[in-house]
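# Close look at the chain arrangement
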Amino acid sequence: MKKTLRALYLLEFFVGFAPSVLILCVGIIFSPIYFVGLFSGAPEVLLYLFLVISGSFGFWGAISLLTLTLHPENENTSPFRLRVYLLLGLLASLIVSIFIVRIDNPWSFVFILPFVVTTHLAYKQRYYIMQKCS
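A few points on the structure. (Residues numbered from 1 in each chain as written. Predicted model: local features only at pLDDT ≥ 70, side-chain atom pairs only at ≥ 80, totals over all residues. Heavy atoms only, no water.)

Moving on, we come to the packing of aromatic side chains. Enumeration over the complete set of coordinates arrives at six aromatic pairs. Centre to centre, the rings of F17 and F59 are 5.9 Å apart; their planes meet at 55 degrees, and the pair counts as tilted. Taken together, the residues F17 in helix α1 (residues 3–29) and F59 in helix α3 (residues 45–70) connect sequence positions 42 residues apart. Every member of this aromatic cluster is reached through a ring pair, and the members are F13, F14, F17 and F59. (Phe/Tyr/Trp six-rings, centres within 6.5 Å; stacked < 30°, edge-to-face > 60°. Helix = DSSP H or I, 4+ residues; strand = E, 2+ residues; numbered from the N terminus.)

The following block contains the structure:
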C-alpha cells in the first residue's frame, strides 16, 4: 500500500473518530464517579458504565480494523471478536449520538462520522470480517 493512501486512511480515521474519542475520554475520566454512584444506589449509572465499556471495546475494534486495513498481512483480532467489538461500539455510539442529537446542536452531525468511517473500513475488510469462526 502506498504511503499517501495510508496517510489518507489515517486522516479519515482521526477526523472521523476525534469527537467520539473525546466523549469516550470524558466517560473514562468520570468512571470512578459511576462506580461510587453504583454503590450508593443509583442504578442509572449502569447505562453510563455500559457506554464507556462498550465504547472502549468498539474503539479497540475500530483501531483493529484500521490496522488490518493498513497492514493486511498482520491479523491482530479474530473475525468473531472483531464483529463483537464493532457491534458493541456501534451500539454505544448510536446511544450517545441519539443523546447528542436531542440537544439540537448544529455540530451534532460530526457524531455520525464514526459510522461512516467504520462502514468504509468494514467494507474494505469485508472478506476478513465475514470469515467463519474457527
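A word on helix α2 (residues 31–39). Of the residues making up α2, those classed as buried are S31, Y34 and G37. For α2, the buried positions fall inside an angular range of 110 degrees around the axis, keeping them on one side. In α2, those exposed residues whose orientation departs by more than 90 degrees from the buried face are I33, V36 and F39. Its buried side turned inward, α2 meets α1 and α3. Once α2 finishes, G41 follows within two positions and takes phi at roughly 95 degrees, a positive value. (Buried < 20%, exposed > 50% of the residue type's maximum accessible area, 1.4 Å probe, protein only. Arc of directions from axis to C-beta. Contact = heavy atoms within 4.5 Å.)

These results come straight from atomic positions and should not be treated as a statement about function.
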